[in-house]
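Working through the structure, step by step
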Amino acid sequence: MHVTLARFRTMLMALLVVMTGMVVLAGPASAHQGTISVSSKTCVTGSSVQVTYKVTWANVPANAQDTHIYSKTGTTTFNSAWDDSKAAAAGWATTDRGAVGSASGERSWTVTLNKSQFGGTGSANGPWEYAYFPWTNGTTSSMYHDTRVEGMDWNACVSIPEDFYICHATGNATSPEGVTNWVTNWPSDSGQVSGHVGAGHQNGLDIIPPVPGLLPNGQNWTAYGQNVHSLGCQVPVSVNVTFTDQSCQGTTYVPPAMNAPTVEGTTKQVTGSVAPGQSVTVTYSAKNGYGIIGQSSFSHTFLALPSSAAYCDRPTDQVVHDSKEGCSLVQYGDFQPGIIRRTGVREYVWNANQNQWVLEAESGISWNAWTQATGDVYSNQQYFSTCAPAQPEPVKVDDTKDGCDLSQYGEFDAGVIRRSGVREYVWNLQARAWELEPASGIAWGPWTQTAGDVYTDTEYFEECAPGQPEPKPVTDTEQGCDLSAYGDFEAGVIGRTGEQEYVWNATSRAWELEPAAAIAWNPWTQAAGDAWDDSEYFAECAPDQPQPEPVSDAKDGCDLSYYGDFDAGVIRRTGLQDYVWDAASRDWVLEDTSLISWNAWTQSADDVYTDAEYFTECAPEQPKDKSTHQDKDGCDLSYYGDFQPGAIERDGVQAYLWNAATRQWELGQVAWGPWTQASSYSDEEYQQLCAPGQPDAEPLSDSAEGCDLSQYGDFEAGVIGRTGEQPYVWDLVDRQWELGDEIWGDWSQTSSYTDEEFYELCAPGQPDAEPLSDSAEGCDLSQYGDFEAGVIGRTGEQPYVWDLVDRQWELGDEIWGDWSQTSSYTDEEFYELCATGQPEPIVREVAGVQASCRIGGVTTWVDTYTTPYVWNSETRAWELGEETGPVRSDEQFTQYTDAQLARLCTEVKGEQEEPMQNEQPGIEVKGEQAAVPTEVAAGESGLAGPLGVVHRNPLWLLAIGGGLGLIGFAGSRRRKVADR
């Protein structure tokens, strides 16, 4: 097929759209001058879209001036040439993209837009980009081009993490829960992820985690799907084991139990024993292709008690009482003196050694709180009789009075008087304590005063002296020219005042005026009229006038013409300065300099400046050097030195020099510095100003063959191919055109492997069969074969078989070996786990009767014999044990009537009737007395009496038993159904 160059470019651009989002589409445009094209690439992240536009140009006139790239972005469609009025109405904004420095080149920029500018999220079409050159070369002209973003891949910017994987479903299940075999798939890009999305791929059963910007909610990312994924793509199963401790339900003993079900996809191992006080552990392991979610091992230790049925027949606890009596019961609680009481419960505890319930030790009694009834609290009188301590000894007390006048208490001096007394303790019934009697009841002795209690002079002054009298006012004066010894005073008169205090005389015990030397004076003061005025001061205090002082003066400078016809240098003069009286300072002071009598200015030859002195003193500041600058730019600057393309520059300095003849500064010669690199062209500038034209791209083709082509896309096993090109790109570092990245079109399927080819070329080696193991435990294992009670086990395998449809090895049917005995229960284990409930014992009840003439009546009763079932460890069955008894019950006595006594209790001797020996008088025994048996077997009717005498009338019992309701003579057997 013949392909034109234009058609080839169209095909190449279609490949670029699919692979990278690159678009090179020319919209309707006209009046193109020169050659310009625009391409774009999109990158979608969230609600923002970044569109990168790339402009290439050529054939710009060499004499073009002021050329810049301008661009406008908007959504208006132009059916023909560019329309400035439509663009302005649509609100397109013009942006200057920078100057163009050569007749050919390229430039890129990125515009950030919102998805709404593309007609909504997911739209494939975006805004137009219009780029153009205006230039001036004598006439105004331009060239332009426009393009539109089309066929945009909204996932172009989605990156897939390295640890991202998909659980790929196999088989023909209808839901993820029905998939029995998962395969882990590791996609490397968003395209491979997209190949697993939706019902078109494996019925939509693949489990895919969320991918922001591509698949935000994932696929099948339910709790079940997350479990499958977290297990590395295995079928999740959960296991649970329950344990029930043994207990007493009333008086019935319920043994311990464990429920550990068999769960598909797992094997189970049980260690330990299900028995009181024992521990057991059940561990589940996942088979190949399965994973256990949550806990997989369960352990439990059963309670030590109850350990048997005997534990469940617990006696009733005892109620016990306790009491305490005393005056202080605070150690037992907030109780008043008296009696407190409490009750408690003494429980029965299980004694494992004796295998029975026994009362707990008294130390273990659970006592209730102590309580106190109202009647148990001591009355005040009871408390005094029982709890009051001995009366304390009386307390000795003292009393004192002090003062200046104690005459009301007796003939005492000023000072202190004292007395003593005794204060008894009395019982306070309400407060229940001994308290001191009131102060009014104290028995006091007489007041007394010792020599040490009389006030001393000092104490008398402190306690008895009258108030101090007011001080006496006094005055004093001084005058003179210098009163500085008294303070800051002017010449004249000063005065002061003071007070003469009253002081205490201890001898006379009276107030007296202090000596004059002790007077407290106020500071000296001077009234306004007491200071001397200037005339008084001059007359009284001024010294003699001093002699005049000689003075001199000098001036120096570069211009002294103000003072006369003088050269630059120094001029001088002399004079006299008189003293004058200063009334303000009251002193002789030098007259003001303006009043000095000066002689004329003069200048000597030595006072004229030399040239050197003139330069030092009079030359103005040297002007700053004058700077100058020079620069050049270009692609080849080797003439000026080892410089890179760009701009070079150098600086120079022109200094000012002093001219002694003209006494002024003048400019000298320029001193140039070396050339330096001012700036180097950036890679972009070098490309624009110095780069040659871009070579044509190199064509490319490629193919791949294999069993797993998922890295290239959603392809079947076989052969795939693609084409592309490798364009030349400018190497900014080496500053030359070099082959850039290869730009490939999409892979396409060339041919697919047949099922036979796939099996021959792609099928991996058959995996080893999965080992299987299983176990069963119980008391009756007959369903598995001829096994004893205990544990049996078997092993097997599950081989892999090739599935032509799914093209993978899948687990086939399980193949099991025979069951074998792993372990048999010991006698103890068999009894604990397998023994049936103990049958009720065999109870045999025997009715008894005894007739006695000695006591005149008949006694009846029932004897009970019990035969329990006991466990035979050898035969592993319940068997009858030894009979115990009898236990007698229902014993009753029936008195004979007179007729019965006469008929049954007399004995005939010849023709006379006499009372029977050892019987009641008047009762006659006729013939032989029938014996009344103590036990009557079934079918027998004989009766045995207590004296061994046989009655002649065998029907006597019917006569005497009518009122007893005694019907049968044979013992009876009764059995109750076991309640287990």
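Since the structure is predicted, the reported quantities are computational estimates derived from the model, not experimental observations. (Residues numbered from 1 in each chain as written. Predicted model: local features only at pLDDT ≥ 70, side-chain atom pairs only at ≥ 80, totals over all residues. Heavy atoms only, no water.)

Focus on the environment of Gly105
Spelled out, the test is: Every helix listed is a DSSP run of H or I at least four residues long, and every strand listed is a run of E at least two residues long, numbered separately from the N terminus. Note on definitions: a residue-residue contact is assigned when non-hydrogen atoms from the two residues lie within 4.5 Å.
Looking at the element boundaries, Gly105 is found in strand E5 (residues 105-114). Sequence separation of Gly105 and Ala58 is 47 residues, and the distance between their C-alpha atoms is 6.7 Å. Among all residues touching Gly105, those that are not within four sequence positions of it are Val55, Thr56 and Trp57.

Regarding the sheet that holds strand E16 (residues 279-286)
Put simply, the test is: A pair of strands counts as paired when DSSP detects no fewer than two bridges linking them. To get an axis, fit a line to the C-alpha atoms, keeping to the stretch in contact for a helix; angles then go from 0 to 180 degrees between the N-to-C directions.
Read from one edge to the other, the open sheet built from three strands follows the order E15-E16-E18, with strand pairing classed as antiparallel. Of all strands in the sheet, those bounded by a partner on one side alone are strand E15 (266-272) and strand E18 (297-301). Between one strand and the next, the sheet's axes are offset by a mean angle of 10 degrees, whatever the strand orientation. Alignment of E16 against E18, held across five bridges, turns out to be antiparallel. By the bridge assignment, Val280 is partnered in E18 with His300.

Re the confidence of the model for the chain
Operational definition: A score from 0 to 100, pLDDT tells how confident the predictor is in each residue.
On average, residues of the chain score 79 in pLDDT, and 79% of them are at 70 or above. For the stretch residues 1-33, pLDDT sits under 50, and the model shows 59 contacts to residues farther than four places along the chain or on other chains. Taken as a whole, residues 908-980 scores under 50 in pLDDT and shows 142 contacts with residues more than four places along the chain or in a different chain.

Focus: the nonpolar core
Where a protein is soluble and globular, its nonpolar side chains tend to be buried together. Quick reminder of the rule: Think of a nonpolar core as a cluster: buried Ala, Val, Leu, Ile, Met, Phe, Trp, Tyr and Cys residues, connected wherever their side-chain atoms sit within 4.5 Å. Between buried and exposed lies partly exposed: a residue is buried under 20% and exposed over 50% of the maximum accessible area for its type, with that area taken using a 1.4 Å probe on protein chains only.
Residues Cys167, Val179, Trp182, Val228, Val239, Val241 and Tyr284 are the most contacted members of the largest nonpolar core, which totals 22 residues. Elements represented by at least two residues in this core include exactly strand E8 (166-169), helix H4 (223-230), strand E10 (235-237), E16 and strand E17 (290-292). Discounting chain neighbours no more than four positions away, the residues touching Val179 are Ala169, Thr170, Ala173, Leu205 and Val235.

Things to note about the pattern of salt bridges
Rules: When a carboxyl oxygen of Asp or Glu is within 4 Å of a side-chain nitrogen of Lys or Arg, the pair counts as a salt bridge.
Counted according to the given criterion, the structure contains 17 salt bridges. When the shortest N-O distance is used, the salt bridge between Arg876 and Asp827 registers 3.2 Å. Taken together, the residues span a long stretch of sequence, with Arg876 in the loop between strand E57 (869-872) and strand E58 (877-880) and Asp827 in helix H11 (residues 827-834) at a distance of 49 residues. The exposure class of Arg876 is partly exposed, given its relative accessible area of 27%. Linked by salt bridges that have partners in common, Arg314, Asp317 and Glu347 make up one network.

Let's talk about the sheet that holds strand E25 (residues 415-423)
The antiparallel open sheet is built from three strands, whose spatial order is E24-E25-E28. Bordering the open sheet on either side are strand E24 (395-403) and strand E28 (443-444), each of which pairs with just one other strand. Both E24 and E25 contribute to a ladder of nine bridges, which runs antiparallel. Bridging across to E25, Lys396 finds its partner in Val422.

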